[in-house]
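# Chains, contacts and geometry: an overview
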Amino acid sequence: MKTAAKLSNVTFTYSNGEGGALSGVDLEIGRGECVLLCGCSGCGKTTVTRLINGLIPHYYEGSLEGEAVVSGRNVSDTPIEDLAGVVGSVFQNPRSQFFCVDTTAEIAFGCENMGLPEDEVIGRINKTVADMKIEKLMGRSIFNLSGGEKQKIACAGAAAMLPEIFVLDEPTSNLDLDAIDELRDIIADWKNSGKTIVIAEHRLGWLRGLCDRVIFMEEGRISREFTGEAFFSLGADTLCSMGLRGIGAEQGYLESETGLHAIKPFEHRGEIALENFSYSYGAHKALELGSLSIPIGSVTAVLGHNGAGKSTFARCLCGLQKGFKGRVVMDGRSLRSREMRRLSYMVMQDVNHQLFADTVIEEAMLGADDSQLDRALEILEKLGIAQYKDRHPMSLSGGQKQRVAIASAMLAGKKLLVLDEPTSGLDFGSMERTAELLRSLEKDMTVLIVTHDAQLTERCCTHVLHLENGRI
């Protein structure tokens, strides 16, 4: 088998101290091979993908030793623009790779940069859109898409360039099961056409039968290698001991009854009443809930397919969405948007927009006073990030940043905590720690979690709210 990418004794350390450094990594990936990179958050998976697509060393600075060769090109000596047509990338946060404000232009962007004729660009867009079944997303504003819909557009933009190698970093982090099945079909088509595929991922089950080889990483090193068949035969206990998610853990999580219902015993302590909640993006009716009562002190999972209105609902509830209609009644008082903003705290899907301080401990303490320092350190310890307390938040991995934002939210002293996909980049152990901490909040605040993570729902939620097409 010819080689598509090869890392030879690669050691890399980020100049800003970012986690995910590599130490003596040797990895050879054959042409047409589908390889899964897995391991705990910060183990080096994303760093390997950045070496293959040339972002290291041309964008992310640091100390690089050893050699990375991709499609016969030494990455260090090859301009990144020359690698762009060879390696197609899909990042964990799709917004970080968007250059256009509408979806059709975004899919065309890479092809246009390659200097392709207009007819060929249009043909590639049409074929990619049909293959990925995303016709309804065309001609839409990027800003009005859900997180999962943005991920689909990012995948389509990479696919339209017809690269030799695809590199995907947590591509399913914000996708529902239907969307994951569609993505799997696309990747299977890429593989059948001889493309090389490298996937860094925490959600594993959807890759059964697709991956030829699995690379398990720990602390910047390749710890173990498996054939795809051997890896997907491992039992749940073995995967758990490796810090990995269960393989079949998320099947059927949207098959529950619709509406809001309890899934665990719960002590009723009043309600937050939502009356006539609705919101529109122009002519598109995104939310039309009517009336809804959320139990005070509950931890409620907000479930639904991509584009169901979950994130819009969360922003309206926190008073962050201008122009929404409806009102919130709590403790017999009707609350305006300004009051809801004062009473609530939202951890966004893209946490990069709400990290402001110079150190992790300062970020956690932003909404707290000095008397809560010990509590802050305790929360960081429970979330598994206390060792990074003096690091800059932006130097952490995606999953670690997520936990910093959660710590800050928990210390803010609000009555309503809303988290949008809080475990999208977390490994099994980090998810369990987060779930335990959220479960402990029942008596202190009301928590809503917008999520596709069935394991998180199972471990910490008392209630489930199922939304589809902007309705309960």
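Residues numbered from 1 in each chain as written. Predicted model: local features only at pLDDT ≥ 70, side-chain atom pairs only at ≥ 80, totals over all residues. Heavy atoms only, no water.

### Considerations on the pattern of salt bridges
Following the criterion strictly, the structure yields 17 salt bridges and no others. A salt bridge links E225 to R213; the shortest N-O distance between them is 3.2 Å. Within this pair, whereas E225 is found in strand β10 (residues 221-227), its partner R213 is found in strand β9 (residues 213-218), the two being separated by 12 residues in sequence. For E225, a relative accessible area of 45% gives the class partly exposed. R375 serves as the salt-bridge partner of E378, at 4.0 Å between the closest nitrogen and oxygen. (Salt bridge = Lys/Arg side-chain N within 4 Å of Asp/Glu carboxyl O. Helix = DSSP H or I, 4+ residues; strand = E, 2+ residues; numbered from the N terminus. Buried < 20%, exposed > 50% of the residue type's maximum accessible area, 1.4 Å probe, protein only.)

### Topic: unusual backbone geometry
Backbone torsion omega between I56 and P57 reads 10°, so that peptide bond is classified as cis. In this structure, P57 sits in helix α2 (residues 55-58). Backbone geometry places K133, a non-glycine residue, at a positive phi of 55°. The residue K133 is located in the loop between α5 (118-132) and α6 (147-160) in this model. Residue classification places K133 among the exposed residues on the basis of a relative accessible area of 53%. Within the chain, N276 stands out as a residue other than glycine whose phi angle is a positive 55°. Looking at the element boundaries, N276 is found in strand β12 (residues 271-281).

### Considering a negative patch on the surface
A cluster of like negative charges, contributed by D178, D181, D185 and D189, occupies part of the molecular surface. For D189, a relative accessible area of 45% translates into the label partly exposed. (Patch = residues over 30% accessible without salt bridge, like charges linked within 9 Å, V, L, I, M, F, W, Y side chains within 5 Å. Areas by Shrake-Rupley, 256 points an atom, 1.4 Å probe, with all protein chains shown as cover. Lys, Arg positive; Asp, Glu negative; His and termini not counted. Charge placed at Lys NZ, Arg CZ, Asp CG, Glu CD.)

### Thoughts on the packing of helix α14 (residues 398-410) against helix α15 (residues 428-439)
At a minimum axis distance of 12 Å, the contact between α14 and α15 shows a crossing angle of 10°. When the interaxial angle is binned, α14 and α15 end up roughly parallel. For the pair α14 and α15, the contacting residues are R403, I406 and M410 in the first and S430, R433, T434 and L437 in the second. A class-by-class count of the residues in the contact of α14 with α15 yields 3 nonpolar, 2 polar and 2 charged. (Axes fitted to C-alpha atoms, helices over the stretch in contact; angles between N-to-C directions. Parallel < 35°, antiparallel > 145°, perpendicular 65-115°, else oblique. Contact = heavy atoms within 4.5 Å. Nonpolar A, V, L, I, M, F, W, Y, C, P; charged D, E, K, R; others polar.)

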